[in-house]
Every structure is written in C-alpha cells, then in structure tokens.
Amino acid sequence: DQQVKQNSPSLSVQEGRISILNCDYTNSMFDYFLWYKKYPAEGPTFLISISSIKDKNEDGRFTVFLNKSAKHLSLHIVPSQPGDSAVYFCAASAADFGNEKLTFGTGTRLTIIP
Amino acid sequence: EAGVAQSPRYKIIEKRQSVAFWCNPISGHATLYWYQQILGQGPKLLIQFQNNGVVDDSQLPKDRFSAERLKGVDSTLKIQPAKLEDSAVYLCASSPSRDTQYFGPGTRLTVL
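The paragraphs below set out a description of the structure included in this document. None of these values were measured; they are calculated from a predicted model. (Residues numbered from 1 in each chain as written. Chains lettered and ligands numbered in written order. Predicted model: local features only at pLDDT ≥ 70, side-chain atom pairs only at ≥ 80, totals over all residues. Heavy atoms only, no water.)

Comments concerning the packing of aromatic side chains
Turning to step 1, where the next piece is worked out: Per the counting criterion, the structure on display carries twelve aromatic pairs over all chains.
Turning to step 2, where the next piece is worked out: Taken together, a centroid distance of 6.0 Å and an interplanar angle of 75° make the contact between Tyr36 of chain A and Phe46 of chain A edge-to-face. Of this pair, Tyr36 of chain A sits in strand β4 (residues 32-38) while Phe46 of chain A sits in strand β5 (residues 45-51), and the two are ten residues apart along the sequence.
Turning to step 3, where the next piece is worked out: Residue Phe46 of chain A is classed as partly exposed on the basis of its relative accessible area, which comes to 32%.
Turning to step 4, where the next piece is worked out: Both rings, one in Phe65 of chain B and one in Tyr90 of chain B, keep their centres 6.4 Å apart while their planes meet at 40°; by these two values the pair is tilted. Within this pair, whereas Phe65 of chain B is found in strand β7 (residues 65-69), its partner Tyr90 of chain B is found in strand β9 (residues 88-95), the two being separated by 25 residues in sequence.
Turning to step 5, where the next piece is worked out: Exposure remark for Tyr90 of chain B: the relative accessible area of 0% places this residue in the buried category.
Turning to step 6, where the next piece is worked out: Site record: aromatic cluster; members linked through ring pairs are Tyr36, Phe46, Phe89 and Phe104 of chain A together with Tyr33, Tyr35 and Phe103 of chain B. (Phe/Tyr/Trp six-rings, centres within 6.5 Å; stacked < 30°, edge-to-face > 60°. Helix = DSSP H or I, 4+ residues; strand = E, 2+ residues; numbered from the N terminus. Buried < 20%, exposed > 50% of the residue type's maximum accessible area, 1.4 Å probe, protein only.)

See the structure below:
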C-alpha cells in the first residue's frame, strides 16, 4: 500500500531550465509535506516543506505547490543547476497520528544536463 | 553544528549472523528515528523514540530486530539473525520538532 507515490523514477532537464518533480498521495489525513534531496552515499537532506493550510511555499530557487483536492504536490526548481542532480524524495505526515512519522515516496532521480 | 553520526558506514555479513548499528543524534534533539531503505525504494520507518521511550515500532520486525536508546541520546539497532532481505541502507534521523528530520549518512548492510 503505497500512500505516497512518485511515478517518475527519473527526469532529465537542461541546465537553466525548470525542473518539475511530482508526488501524489492517497491518505487524506496527511497534512504536512516535505521534499528531501539525496546524494549517493549520503543521507537525505531536507529541502522544503508545506503545510496543508497553504498551497504554495517558496525558498529561493525551490517552490512547492500543493493541490489538496487532487492530493498532488510538485517541486519546481528554477533555474536548474548541475548541483541539483540527485534523488528527490517526497514525504508526508499527519498530525492525527500523534507523532512525526514520515511516509516517503520511492524517489525521482533528477539529472541536470550541462 | 555537528550532524547525525552513524557507524559503521558499511557492513557485510553472512545470513544468520548478528549485526549492530550505532547512531548519535544532533545534540538536544529529543526524537530519534531508524529507517530502512531498500534499493529503489524510499526510506521506511522502523522505530521512533521520544527521549528514551518508544513512540512507534509498528513496522519493526520484532522477531529479529531490536533497538534501544540509552539515556535518551545514542541509539543502537540490532538484527539477530540477519536474512538476505535485510540488505539495505539503515538511516538514523533526529528531530527537534515536526518541521524536519535530519538524517545521518546511513549504514549500508549487505547480507550474503
């Protein structure tokens, strides 16, 4: 039962263009969403998050959009840089669970082409 | 600020052997997590500690996995005996709040 889905295992984008990574979820109890970035042989690092009371959160080149009715969120990176090449994980949590348990998607490998 | 430390970074064992992983969280972080990440999948929570108490261990295979958090700081995760399907990266994370979890570099376990 995959409650958080990242249907694109990989994505290639030209340097300077926009990268759009997508994530869908099925559990309507999720109310907090995060994106993590992972380089090889390193642990995931936090990138950006969004609460369900918002539909957009922006931090520099990174913007996360949340569409609650569609149970869909996306991460936009603009402009894309070679250092953005990594695996990106979408994660979700629910306050009603009583803890900060994160449910992760399977990840999308982003490759930025110079 | 020092990050989450984990050791060893790599471990190769034969099936039915035992193995233990160690995690030192970021100072002051009350919550500690152990995740299992199988190749091609996202991290899956095994156990969550709040200080030295267990909050969630619903996905921990308790017949072979055990974990403890001594004095609410360091933590160890043990597998005894290991199976082939336990081959994965074991990630430790700590958190000061709900906003984010900080991950260590992980321990890559290979069971032969």
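That covers the picture; the talk isn't over yet.
What about the nonpolar core?
Turning to step 1, where the next piece is worked out: Ranked by size, the top nonpolar core spans 24 residues in total, and within it Phe33, Trp35, Leu73, Leu75 and Tyr88 of chain A carry the most contacts.
Turning to step 2, where the next piece is worked out: Taken together, the elements giving at least two residues each to this core come down to β3 (19-25), β4, β5, β7 (62-67), β8 (72-77), β9 (86-93) and β11 (108-113) of chain A.
Turning to step 3, where the next piece is worked out: The element contributing the most residues to this core is β9 of chain A, with four residues.
Turning to step 4, where the next piece is worked out: Of all hydrophobic cores here, the second largest spans 21 residues; its members include Ile26, Leu46, Leu109 and Val111 of chain B. (Core = buried A, V, L, I, M, F, W, Y, C linked by side-chain atoms within 4.5 Å.)

So, a nonpolar patch on the surface
Turning to step 1, where the next piece is worked out: Residues Ile18, Ile20 and Val78 of chain A make up a contiguous nonpolar surface patch of roughly 230 Å² in combined accessible area.
Turning to step 2, where the next piece is worked out: Inspection of the secondary structure puts Ile18 of chain A in the loop between β2 (10-14) and β3. (Patch = residues over 30% accessible without salt bridge, like charges linked within 9 Å, V, L, I, M, F, W, Y side chains within 5 Å. Areas by Shrake-Rupley, 256 points an atom, 1.4 Å probe, with all protein chains shown as cover. Salt bridge = Lys/Arg side-chain N within 4 Å of Asp/Glu carboxyl O.)

Focus on the state of the cysteines
Turning to step 1, where the next piece is worked out: Scanning all chains against the criterion turns up two disulfides over all chains.
Turning to step 2, where the next piece is worked out: Between the sulfur atoms of Cys23 of chain A and its disulfide partner Cys90 of chain A the distance amounts to 2.1 Å. Because the torsion about its S-S bond is -75°, the bridge between Cys23 of chain A and Cys90 of chain A counts as left-handed. Note that Cys23 of chain A is positioned in strand β3 and Cys90 of chain A in strand β9, a separation of 67 residues in sequence. Considered together, Cys23 of chain A and Cys90 of chain A belong to a single accessibility category, that of buried residues.
Turning to step 3, where the next piece is worked out: A sulfur-sulfur separation of 1.9 Å characterises the disulfide bridge that pairs Cys23 of chain B with Cys92 of chain B. Residues Cys23 of chain B and Cys92 of chain B are joined by a disulfide whose S-S torsion is about -70°; by sign, that bridge is left-handed. Of the two residues, Cys23 of chain B is situated in strand β3 (residues 19-24) and Cys92 of chain B in strand β9; the sequence distance between them amounts to 69 residues. (Disulfide = S-S within 2.5 Å.)

Overview of the sheet that holds β7 of chain B
Residue and element names in this part refer to chain B.
Turning to step 1, where the next piece is worked out: Pairing is antiparallel in the open sheet, where four strands are placed in the order β1-β3-β8-β7. Sheet topology places β1 (5-7) and β7 at the edges, where each strand pairs with a single neighbour. The mean inter-strand angle of the sheet, taken between neighbouring strand axes irrespective of direction, is 15°.
Turning to step 2, where the next piece is worked out: Sheet topology note: the β3/strand β8 (residues 75-79) ladder contains five bridges and is antiparallel. When the sheet's bridge partners are listed, Ala20 is paired in β8 with Lys78. (Pairing = 2+ DSSP bridges. Axes fitted to C-alpha atoms, helices over the stretch in contact; angles between N-to-C directions.)

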